[in-house]
Amino acid sequence: MAKQTYENGLFITFEGPEGSGKTTQMQLIADRLREQEYEVVTTREPGGTPLGEAVRHLLLTFRDEDILPEAELLLFSAARVQHVRKVILPVLKRGGIVLCDRFIDSTTAYQGYARGLDLNVIDDMNAFAVCGRFPDLTIVLDLSVEDGIRRLSGRYQGQQVDDRFESAGHTFHSCVREGFLDIARKHPGRVRVVDANRPVELVQADLWWEIYHALN
Ligand code: TYD
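In what follows, the accompanying structure is described. (Residues numbered from 1 in each chain as written. Predicted model: local features only at pLDDT ≥ 70, side-chain atom pairs only at ≥ 80, totals over all residues. Heavy atoms only, no water.)

## Structural notes on the pattern of salt bridges
Next, step 1: The final tally for this structure, using the stated rule, is 14 salt bridges.
Next, step 2: A salt bridge links Glu72 to Arg164, with the shortest nitrogen-to-oxygen separation between them at 2.7 Å. Taken together, the positions of Glu72 in helix H3 (residues 69–93) and Arg164 in the loop between helix H6 (145–156) and helix H7 (170–186) put the pair 92 residues apart, joining distant regions of the chain. Per residue, the accessibility class of Glu72 equals that of Arg164, and both read buried.
Next, step 3: As a salt-bridge pair, Arg177 and Asp142 come within 2.8 Å of each other at their nearest N and O atoms. On the criterion of sequence distance, the pair formed by Arg177 in helix H7 and Asp142 in strand E4 (residues 137–142) is long-range, its members being 35 residues apart.
Next, step 4: Judged by relative accessible area, which is 13%, Asp142 ranks as buried.
Next, step 5: Counted as one network, the salt bridges with shared partners bring together Glu72, Arg115 and Arg164. (Salt bridge = Lys/Arg side-chain N within 4 Å of Asp/Glu carboxyl O. Helix = DSSP H or I, 4+ residues; strand = E, 2+ residues; numbered from the N terminus. Buried < 20%, exposed > 50% of the residue type's maximum accessible area, 1.4 Å probe, protein only.)

So this is what it looks like as structure tokens:
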């Protein structure tokens, strides 16, 4: 059977704090869309290209000196341009669906709200890095900081956390969460908030509802 396609493709991003279950939920949505014969590409940020994966490794693990927030913003944005031009735009151009685990709203929440960089600068940088193509739909999987920490500690089972972001403190993560909720308030047409503190199937049902409407 021929694949179902869209004239300009469909670009959906999944955002939210650490431990919100984005990756699992995104994979379930991808399986469901593929069963319906859509062309679906799943990808993530930072990452998605060889350069992006190298920058990801640097961003998550570099400890030789502090990375300044401005440098962090530029590194995420450099990885993004490469990702958008080399992976995302070609899929959208041929009518496919791109599901991306984190994108511009993570930059706004983490480098803007949590690191404190000027939100106008971040908006300009995000607009530059997306090369003219913003997401059609963004799902924010919302979770309290306490629940996020609880889920992550289950994942690490007492081992030390090396990730520069996951190991940041409570204040940082509550700024991230507030950031995502604020972004959703500012962009009600594009961004939907889904309560992630529920069983996987219930979260998935809400996500599917949002995606079904984006498809039709
Ligand atoms: P990752 O392991 O992918 O986090 P998660 O599993 O929670 O999705 O690590 C990516 C980290 O990078 C995450 O802590 C959020 C952070 N990040 C930013 O700070 N800015 C950005 O623009 C992006 C895309 C991610």
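Once you've had a look at it, read on.
## Re H3
Residues spaced three or four apart along an α-helix point in a common direction, a consequence of the helix completing one turn every 3.6 residues.
Next, step 1: A rise of 1.5 Å per residue sets the reference length of H3, with its 25 residues, at 36 Å; its end C-alpha atoms lie 33 Å apart and thus fit the reference within 8%.
Next, step 2: At Val84, H3 is deflected by roughly 45°, the largest bend along its length.
Next, step 3: Residues of H3 that are buried: Glu72, Leu73, Phe76, Ser77, Ala79, Arg80, His83, Val84, Ile88, Val91 and Leu92.
Next, step 4: A positive phi of about 90° marks Gly95, the residue just after H3. (Expected span 1.5 Å × (residues − 1). Bend = angle between axes of the 7 residues up to and from the residue.)

## Observations regarding the nonpolar core
Next, step 1: Counting residues in hydrophobic clusters, the biggest one holds 22 residues, and the most contacted among them are Phe14, Leu33, Ile97, Leu99, Leu207, Ile211 and Leu215.
Next, step 2: The dominant element in this core, judged by the number of residues it contributes, is helix H8 (residues 200–215), at five residues.
Next, step 3: Apart from the residues lying within four places of it in its own chain, the contact partners of Ile211 are Ile12, Phe14, Ile29, Leu33 and Leu137. (Core = buried A, V, L, I, M, F, W, Y, C linked by side-chain atoms within 4.5 Å. Contact = heavy atoms within 4.5 Å.)

## Focus on the site of the ligand
Next, step 1: As a structural note, the neighbourhood of the ligand is formed by 14 residues, with Glu18, Lys22, Arg102, Thr107 and Gln111 the closest of them.
Next, step 2: Between the ligand and Glu18, the relevant distance is 2.8 Å, taken from an oxygen atom to a side-chain nitrogen or oxygen of the residue.
Next, step 3: Within the side chain of Lys22, a nitrogen or oxygen atom sits 2.5 Å from an oxygen atom of the ligand.
Next, step 4: Burial of the ligand by the surrounding chains reaches 93%, relative to a free accessible area of 550 Å².
Next, step 5: The element best represented in the shell around the ligand is helix H4 (residues 104–114), accounting for four residues. (Near = heavy atom within 4 Å. Polar contact = N/O pair within 3.5 Å; in protein donor to acceptor, adjacent residues only side chain to side chain. Areas by Shrake-Rupley, 256 points an atom, 1.4 Å probe, with all protein chains shown as cover.)

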